[in-house]
Every structure is written in structure tokens, then in C-alpha cells.
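Descriptive analysis of the structure
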Amino acid sequence: MTKVKLTVNNNGSLKVDGEFEIVDAQGNVYGLEGRTVVSICRCGLSANKPFCDGSHKGHFEHNAVAFDLPPKKV
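Please read these numbers as outputs of a predicted model, since none were measured by experiment.

**A closer look at the overall build of the protein chain**
What the protein chain contains, in helices and strands, is 0 helices and 3 strands. Starting at the N terminus and walking to the C terminus, you meet the elements of the protein chain as β-β-β. Projecting the C-alpha coordinates of the protein chain onto the three principal axes gives extents of approximately 35 × 35 × 25 Å. Burial status across the protein chain gives 18% buried among its 74 residues. Contacts spanning at least 24 positions in sequence make up 31% of the contacts within the protein chain whose residues lie at least 6 apart. Working note: accessible area of the protein chain is about 6,100 Å², and carbon and sulfur atoms make up 52% of it. Within the protein chain, the 8 negative side-chain charges are centred at a point lying 6 Å from the centre of the 9 positive side-chain charges.

Below you can see the structure in the form of C-alpha cells.
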């Protein structure tokens, strides 16, 4: 299985790159028309949710800096 890469963009979307499928809350698959890279909205302003349409420009600020989560609770 190929590893999917998810990139948190500064002041923008989540970029998904690799072989993946995206489903809605009912399990229905979005038709990605063969795309292996998409951007997911995280600002809530896109008219094309869950996909990014660039509406965040100038309206969303977040500097993406990686950090370690605390250990999983068991």
C-alpha cells in the first residue's frame, strides 16, 4: 500500500497527495476523476467544500509548524 501524504499549508488548505478516496458521512465516494492530488478546505469559506477553492486568501491565518502529540491513551 502506498503512503498518502497530507500537507498542512500555511494560511490555507490541507493538500492530499497519493492514492486515496474521500467519502462523505454516509460513506458515499466523491468522484475525483482520477486526481491523485486535491486540496481540502480548512477555513470554511470555500463554495466547493470539502475542497479548497482559494477563498481563504487574506481571510485565514495559521502557520503550519509540526509538533509531537502526547502519547495515545490506552
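Picking up after the structure, the text goes on.
**Observations regarding the side chain of S46**
On the secondary structure map, S46 appears in the segment after strand 3 (37-40). In this structure the side chain of S46 is engaged in a polar contact, spanning 2.6 Å, whose partner is the backbone oxygen of F51. For S46, the contacting residues outside a window of four places in its chain are C41, F51, C52, D53 and S55.

**Regarding the packing of aromatic side chains**
This model, assessed by the stated rule, comprises 1 aromatic pair. Judged by centre distance (5.5 Å) and plane angle (90°), the ring pair of Y30 and F51 falls under edge-to-face. With Y30 in the loop between strand 2 (14-17) and strand 3 and F51 in the segment after strand 3, this residue pair connects regions lying 21 residues apart in the sequence. On the accessibility criterion, Y30 (31% relative accessible area) is partly exposed. The exposure class of F51 is buried, given its relative accessible area of 16%.

**Some points on the UniProt feature "domain: Iron-binding zinc finger CDGSH type" (unreviewed entry) in the protein chain**
Mapped onto this structure's residue numbering, the UniProt feature "domain: Iron-binding zinc finger CDGSH type" (unreviewed entry) falls at residues 21-62. Secondary structure over residues 21-62 splits into 0% helix and 10% strand, and the C-alpha atoms at its two ends are 26 Å apart.

**Remarks on the environment of Y30**
Spatially, the C-alpha atom of Y30 lies 10.0 Å from that of P50, the residues being 20 residues apart in sequence. Here Y30 is in contact with I22, V23, D24, P50 and F51, once residues within four sequence places are set aside.

Calculation rules
Residues numbered from 1 in each chain as written. Predicted model: local features only at pLDDT ≥ 70, side-chain atom pairs only at ≥ 80, totals over all residues. Heavy atoms only, no water. Helix = DSSP H or I, 4+ residues; strand = E, 2+ residues; numbered from the N terminus. Buried < 20%, exposed > 50% of the residue type's maximum accessible area, 1.4 Å probe, protein only. Contact = heavy atoms within 4.5 Å. Areas by Shrake-Rupley, 256 points an atom, 1.4 Å probe, with all protein chains shown as cover. Lys, Arg positive; Asp, Glu negative; His and termini not counted. Charge placed at Lys NZ, Arg CZ, Asp CG, Glu CD. Polar contact = N/O pair within 3.5 Å; in protein donor to acceptor, adjacent residues only side chain to side chain. Phe/Tyr/Trp six-rings, centres within 6.5 Å; stacked < 30°, edge-to-face > 60°. UniProt positions renumbered as here; feature names shortened; annotations may be inferred.

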